[in-house]
Protein chains: 6
Amino acid sequence: MQESLVLLSGNAHPALAKKISEKIQVPLGEMEVFKFADDESFCKINVNIRKRDVFVIQPTCRPVNDNLMELLIIIDACKRASARSITAVVPYYGYSRTDKKDQPRVPITAKLVADLLTTAGANRLISIDLHAESIQGFFNIPVDHLYALPIFIRYIREELGTKDLVIVSPDAGGVARARAHAKRLGAELAIVDKRRVGNQDQTEVYNVIGEVKGKRCVLIDDIIDTAGSITKAGEVLKERGAKEVRAMVTHPVLSPPAIERIEQSPLEEVVVTDTIPIPPEKYSKKLTVLTVSELLAETIKRIFYGESVSSLFV
Amino acid sequence: MQESLVLLSGNAHPALAKKISEKIQVPLGEMEVFKFADDESFCKINVNIRKRDVFVIQPTCRPVNDNLMELLIIIDACKRASARSITAVVPYYGYSRTDKKDQPRVPITAKLVADLLTTAGANRLISIDLHAESIQGFFNIPVDHLYALPIFIRYIREELGTKDLVIVSPDAGGVARARAHAKRLGAELAIVDKRRVGNQDQTEVYNVIGEVKGKRCVLIDDIIDTAGSITKAGEVLKERGAKEVRAMVTHPVLSPPAIERIEQSPLEEVVVTDTIPIPPEKYSKKLTVLTVSELLAETIKRIFYGESVSSLFV
Amino acid sequence: MQESLVLLSGNAHPALAKKISEKIQVPLGEMEVFKFADDESFCKINVNIRKRDVFVIQPTCRPVNDNLMELLIIIDACKRASARSITAVVPYYGYSRTDKKDQPRVPITAKLVADLLTTAGANRLISIDLHAESIQGFFNIPVDHLYALPIFIRYIREELGTKDLVIVSPDAGGVARARAHAKRLGAELAIVDKRRVGNQDQTEVYNVIGEVKGKRCVLIDDIIDTAGSITKAGEVLKERGAKEVRAMVTHPVLSPPAIERIEQSPLEEVVVTDTIPIPPEKYSKKLTVLTVSELLAETIKRIFYGESVSSLFV
Amino acid sequence: MQESLVLLSGNAHPALAKKISEKIQVPLGEMEVFKFADDESFCKINVNIRKRDVFVIQPTCRPVNDNLMELLIIIDACKRASARSITAVVPYYGYSRTDKKDQPRVPITAKLVADLLTTAGANRLISIDLHAESIQGFFNIPVDHLYALPIFIRYIREELGTKDLVIVSPDAGGVARARAHAKRLGAELAIVDKRRVGNQDQTEVYNVIGEVKGKRCVLIDDIIDTAGSITKAGEVLKERGAKEVRAMVTHPVLSPPAIERIEQSPLEEVVVTDTIPIPPEKYSKKLTVLTVSELLAETIKRIFYGESVSSLFV
Amino acid sequence: MQESLVLLSGNAHPALAKKISEKIQVPLGEMEVFKFADDESFCKINVNIRKRDVFVIQPTCRPVNDNLMELLIIIDACKRASARSITAVVPYYGYSRTDKKDQPRVPITAKLVADLLTTAGANRLISIDLHAESIQGFFNIPVDHLYALPIFIRYIREELGTKDLVIVSPDAGGVARARAHAKRLGAELAIVDKRRVGNQDQTEVYNVIGEVKGKRCVLIDDIIDTAGSITKAGEVLKERGAKEVRAMVTHPVLSPPAIERIEQSPLEEVVVTDTIPIPPEKYSKKLTVLTVSELLAETIKRIFYGESVSSLFV
Amino acid sequence: MQESLVLLSGNAHPALAKKISEKIQVPLGEMEVFKFADDESFCKINVNIRKRDVFVIQPTCRPVNDNLMELLIIIDACKRASARSITAVVPYYGYSRTDKKDQPRVPITAKLVADLLTTAGANRLISIDLHAESIQGFFNIPVDHLYALPIFIRYIREELGTKDLVIVSPDAGGVARARAHAKRLGAELAIVDKRRVGNQDQTEVYNVIGEVKGKRCVLIDDIIDTAGSITKAGEVLKERGAKEVRAMVTHPVLSPPAIERIEQSPLEEVVVTDTIPIPPEKYSKKLTVLTVSELLAETIKRIFYGESVSSLFV
């Protein structure tokens, strides 16, 4: 396999790339990726990739535009260097929340990014828990869409148990995702519903739909950004008598003041994955990080050998 | 306007096209659309459309593939006949529920259809209540996405009033849509959640999340197909003490045995729109049909004159 | 070969697919292809096709639009499931007679279909006796265009003999095709020429150009649709003294009232191929069906192994 | 009109361009088109064409590749100079006879040329009597396909009369074209059929299908190249007793030794059009040249004003 | 004009956009362009742009990737909001120096950016002094390429005079650019040629080709980045006896330590344009900034009215 | 290797193709490439190329348009005949000097040609010393850009020695190229600068920038066309006291009166390569021809085996 499979990593998440490389037992291809003095990104691949299948590992997390442009540039370099195929491995797909035009004269950036990747020369995308599943349809190249769900399910089963468990969606939009977890675990479902009341729409009222009293609640979401909604949801659940509240969220975007909010919240634990690197200043005792590196390593291997990826999720 | 705006209608919904034509005061362009003896569709446009802005009105409802192919053929004919622009007016966008790959080796037909329309030569799409808003991103041509919500809101306000009103989502996936209606009306929200229990997954249990006792429930959905879920939801709501239950659904697909189910259900009324024609054999006293023709006519006019369409929804 | 060659069949002609599968000794890949209650087509491929060469067998015969859409959907699913290559095996290419704009503001549907197939993701087309050879040029993907001619020639040589044989074109447009058969068999050529006379163009007059008296005539055509022209041609040839008249036509479209006409006509025999399935209600003693399955099986094998297909016709 | 309609002419046929310019009363746009010392073609347009509708008049006749490349270069220059639309006016479409793959591993150059024109930036094609009508389908831009038929019909009616007239196709492939003329004139149809006989296929035998004795024959074809077939057909018709034989052919390619053959043949007259320039050394008393300049001028005007072109042929 | 011409500005250079807007007397269209907490860029256009010609003013200077992505997003929003045309006004085209593959396995980012702009939906580019003129050919949309040369020439004529003037290229690659200025001014030409000598290539030696003693030298370049080469060239020219040395450079990238170097150098003056904003911390007494706003305003007006842009440079 | 690597040659340079074939030990694939009587090019490949990697050797030298069109046609035939990959081997890339729009309303033909090659179906380009390196960016397919520099360097080292050597650029535009040679050889650099003086721009004055007195000058350029500039540069260098003057130029276009000029010039020797065939009438004692066939053969082999091509130039 080593011969014709090449793993490359931009600057977005070298730690994850290294883990994948170790699991797959293929060294990371040597490459320089840096910015010139004038702030322009550049890359130079130092290993032959002609007729090789290249996998470029790069979540498009903060700094989003730099990481995205870096990814596009690496893909362009691979294309011009005669790679046989180029797979963009983007565990966290930035801009995924701008996936529709819900107000006039705004972009659909998630689609734009799909077109940019294809234009640059990507032949395939691997991603995890896309904010909207329809984003797969933004591409005409194959998308291997992976789920963190089995990782979370295993963690719940092994670490928490399913007794008195209620899976909670922190808002109306995420009910389907919470529903899928509840179904797998045979757990109950609840929803935290935020709305504004009064003439000037200025007071927010939180409503919990479903039974949570005396329960162990697990809030499920795909992205934790400033952590405003999820920590507020945690408070509301506690007020309604929840015994304990946890959050399990795939992508730890963790924009300020997320960590402060988490630490001050009644949330027992926030379980995330390593699709996005968490810098030292964001470490918190409440954070548990599960790795997606095995999932990605296994997926890359199966793609390379032409084996079924979907059977990973049976 | 008459000069360079051309309205064409395939065989899918001539009644709607006629209404639009009357409201916009532009006659329908003469066109033959038919099948040859060998089942192949064909069209011949009998008015000059050179340098004209053509709007082709054709929901892709049953017979889905015939209506879709007819639409593609008309667009191809318009393109080759030198139309200045071609707008596909597809009030009901068939295949919209196949908008993601949620199991291995299936198509994303909603995206395929977007590509087919673009390939045939469409320059713009007008549609109403797409099953997933992300479908807008399946296109790189402009999409004017309209909402039936104001039509339903007006009906509720004028005909039903908002006292004791609860807006109900018939399943976990539709909560966001129901949420939008509830917010506009200042009404409460509830959810009917179906799940299977037992060893063989064979018994369905319905759970109502939220308060419905003594309430006037309005189930909100975008598509009513065989009416299984929505009539079952009606029953469940009644069992939980709802005072009355209605359904408001944009697209009346009404596949058998939808009408039987509706008539036998405790649903007081099923309010739909005319995005899809309802053949005489499907008439039911419980059905109320609101027209989208004014909405479409106004949209076509604004597009033609370069006026804002979004301001229609303010 | 079995490893990486996958044969798939839609619902258009499973019997032909089965024959090809047997000859090629590769089982048909398991797949569900069906319509939902709302008339929308869907497919789900149940075997891994990643990095496989997939051949999808689907003539686009009646119901034309359903079969075409089914084909497009299967191709889309194959593309998204990472097939290495996708070959559309379309023995009968529907819409092939709408291959030019011979009146104003009509589509060129044969080209549109070519674009739709390419857009969906087909990498190659295999077809037999395209109505116009130029349809090959509608594609920029390779087209392996096969001929039924050798099958007919062999049948004539083995079953009929070439004594007193005249090859007849049933109209002016098909002369080149008839010419090719006549040349191979060393037979004479004749043409039936239909024209309308009189002020209102209402009386049809049939003219036979060439000698047919006392001859054994074989009418050659690519498509037999309602059988109007060919049975009329048969009558005219008999009137001009032909000893016997047969028809040999590649694609048995056989739209009503084709069978009635054939049975009532003086045609001795109508020889067709199985590019299109013939349902039981269309069986007739006068019909002889020759199979193209060996031709298709051999072609698929050669394509898979990178061998010359054209040498099949030397 | 003068303001925003621009006529340009390459070096292929300035005389025709001048005639069109005079009829349309728009001067030819000033442009230098020439070859550098190294044989590379170049053009420089000396009038502003920004936001103008440009028509580039250039048949792709001998020298074919130079004329074609010149046309592509002019289109590229127009595109980069911000023309609003670019119409390639190609009265004779070179390579039109290479429109299918009738032997293994050959190009379909007529399609390639269509793709080259589109790639360069053409938005529309105007052409006359394409060798195969399906070539229209090689394009996805609008094609205004014109016919010389009315010009020939008028000439026959006015100059020859229709008494005892037989329209003759010089080979099996052109029967449909001859058929259309015969129908319009109410004339009889005949076919000259060439075939080779004997063991080594070395002797050519000509067969006339249809009645020509004592008739005035008009051979109809789209292209007269080396004039081999058509002069031979003339001889054969004379041998079969034709009273007089003429040829009417749209495109006078007239490759050597066409003129010698025509002069030595029993053909009374060869009527052609000026889609291709006839250099002085090819002048012959037997040649009659009818102009297509009015047809082209009228078509350009109608396209520019958005009027129907097809109504030209009613 | 106001009606259908819309000027938009991202965050890259609002001051330049404002100047253009004033000169062209069209207000800047209201638009919000900002980053969400998660570092993702977003825009919302607050004026109707349907059927309008939109010009988006955004040099892709530092922060390069943010400014580029912002530009792409704005273009996407314009496209989906039905703009009639979208012109990217990019006075400084970032990544223009990565315009070729001069080492193995590197990107050609200047081409990639061209493809990204086109993919997003741009219909035209306006730029000034592209680092390589061939970058125009990276686009298939029209490029209006402007020159700062007349602005510099006028400044020299009016402020400096041409007596004893020598135009100097600071390196071998820029000779053609310097040559064009020298020719216009009738001035002499010189070149500073840097090379490394010695075994380890470690000592740099500067050579001046041409006469500079007692002359007034003007170094000409397109981009001043860290100012290393140009200040070194200034020193070398002084050492060779130049009377005074100035630099005239179109694009003031001015990456640190450019300003320090300029201030410590023997350069009398560095004349630049405002294609890139110069933040207050980079102000220097030696810097003279000439504006390109009139040039851009006039160009936008001419494009809008369909007038010649090239005549600006005669 | 022989199995799946196919070498094809058009009519442009069979001698070079033969040399490559011998070095690579793969016979040239049998193919007919010719013109029909009507001047249209045609090709027919007589070996199976299905699933083969095809390399088409064809410099686009004089007759430029014929050679280019031949190349496009061969590529089209290969694509339709199911080649696995098609590499255009174009040692001399015609039209490379029309690589930018340096005057209004001219084409960028070098880009147009890139698009034509890609449209026809080329998957890769191999070329030598492109006039502008940015032409690589005109392609989105991989370009293997080779340099004749090592061949010239070797020749100088082995045949001439580097004593007193000065590398001279014959004009301002070629300085960078000359610079690269000077650097490799540790030689000095000089430039011949032509300018026009006087009111009517009618007198040409030649200026030599740099020291050439008593030196052995080697003029370096990429293309020698009519040899006007380079022979004039030779004269000027001699006048300035150069001891001897040679020219080394990659592509011998040699348009008349190049040979006369060379023979009458003071140039000792003109060293060129065989990227373009030199017909017997252009033989001259002063011409030395170095072959690029080994370079091309080695490159083709490495591409076929997936080895690094760039390492050829280390």
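Within chain A one finds eight helices and 14 strands. Its C-alpha radius of gyration of 21 Å places chain A within 12% of the 20 Å reference for a compact globule of 314 residues. With respect to the principal axes defined by its C-alpha atoms, chain A has extents near 60 × 45 × 35 Å. Within chain A, buried positions represent 66% of all 314 residues. Restricting the contact set of chain A to residue pairs at least 6 apart, pairs at least 24 apart contribute 61%. Between the mean site of the 42 positive side-chain charges and the mean site of the 41 negative ones, chain A shows a separation of 3 Å.

A word on the packing of helix H4 (residues 149-160) of chain D against helix H5 (residues 175-185) of chain D. A packed helix pair is summarised by two numbers, namely the angle formed by the two axes and the spacing between the axes. Residue and element names in this part refer to chain D. Direction vectors running N to C along H4 and H5 enclose 45°, while the axes themselves pass 11 Å from each other. Relative to H5, H4 is oriented oblique. Here the hand of the crossing between H4 and H5 comes out right-handed. For the pair H4 and H5, the contacting residues are Leu149, Phe152, Ile153, Ile156 and Arg157 in the first and Ala180, His181, Arg184 and Leu185 in the second. Looking at the contact of H4 with H5 residue by residue, the classes come out as six nonpolar, one polar and two charged.

The subject of this paragraph is the state of the cysteines. Taken as a whole and judged by the stated rule, the model has zero disulfides over all chains. Of the cysteine sulfurs around Cys43 of chain F, a residue in no disulfide, the closest is that of Cys78 of chain F, at 7.2 Å.

What follows is about the interface of chain F and chain C. It is common to give the size of an interface as the accessible area lost on bringing the parts into contact. At the junction of the two partners, chain F supplies seven residues and chain C supplies 15 residues. Across the interface of chain F and chain C, roughly 800 Å² is buried in total on both sides, 34% from carbon and sulfur atoms. Broken down residue by residue, the surface that chain F buries against chain C is led by Arg50, Lys51 and Arg80 of chain F, which jointly contribute 66%. In this structure, the connection of chain F to chain C is made through one salt bridge. The interface formed by chain F and chain C holds eight residue pairs in polar contact (both at pLDDT 80 or more) in total. Of the residues assigned to the side of chain F that touches chain C, the class counts are no nonpolar, two polar and five charged.

Moving on to the arrangement of the chains. Across the gap from chain A to chain D, with no contact made, the nearest C-alpha atoms are 18 Å apart. Looking at chain C next to chain E, you find no contact at all, with the nearest C-alpha pair sitting 18 Å apart.

Time to look at the pairing of strand S7 (residues 143-146) of chain D. Residues and elements named next belong to chain D. The alternating pattern of S7 places Val143 and His145 and Asp144 and Leu146 on opposite faces, both of which are buried. Across four bridges, strand S6 (residues 124-128) lies against S7 in parallel orientation. Paired with Ser127 across the bridge in S7 is His145.

Definitions and limits used
- Residues numbered from 1 in each chain as written.
- Chains lettered and ligands numbered in written order.
- Predicted model: local features only at pLDDT ≥ 70, side-chain atom pairs only at ≥ 80, totals over all residues.
- Heavy atoms only, no water.
- Helix = DSSP H or I, 4+ residues; strand = E, 2+ residues; numbered from the N terminus.
- Rg over C-alpha atoms; globule rule 2.2 N^0.38 Å.
- Buried < 20%, exposed > 50% of the residue type's maximum accessible area, 1.4 Å probe, protein only.
- Contact = heavy atoms within 4.5 Å.
- Lys, Arg positive; Asp, Glu negative; His and termini not counted.
- Charge placed at Lys NZ, Arg CZ, Asp CG, Glu CD.
- Axes fitted to C-alpha atoms, helices over the stretch in contact; angles between N-to-C directions.
- Parallel < 35°, antiparallel > 145°, perpendicular 65-115°, else oblique.
- Left-handed = near helix turned anticlockwise from the far one by under 90°.
- Nonpolar A, V, L, I, M, F, W, Y, C, P; charged D, E, K, R; others polar.
- Disulfide = S-S within 2.5 Å.
- Buried area = accessible area lost by both parts, 1.4 Å probe.
- Salt bridge = Lys/Arg side-chain N within 4 Å of Asp/Glu carboxyl O.
- Polar contact = N/O pair within 3.5 Å; in protein donor to acceptor, adjacent residues only side chain to side chain.
- Pairing = 2+ DSSP bridges.

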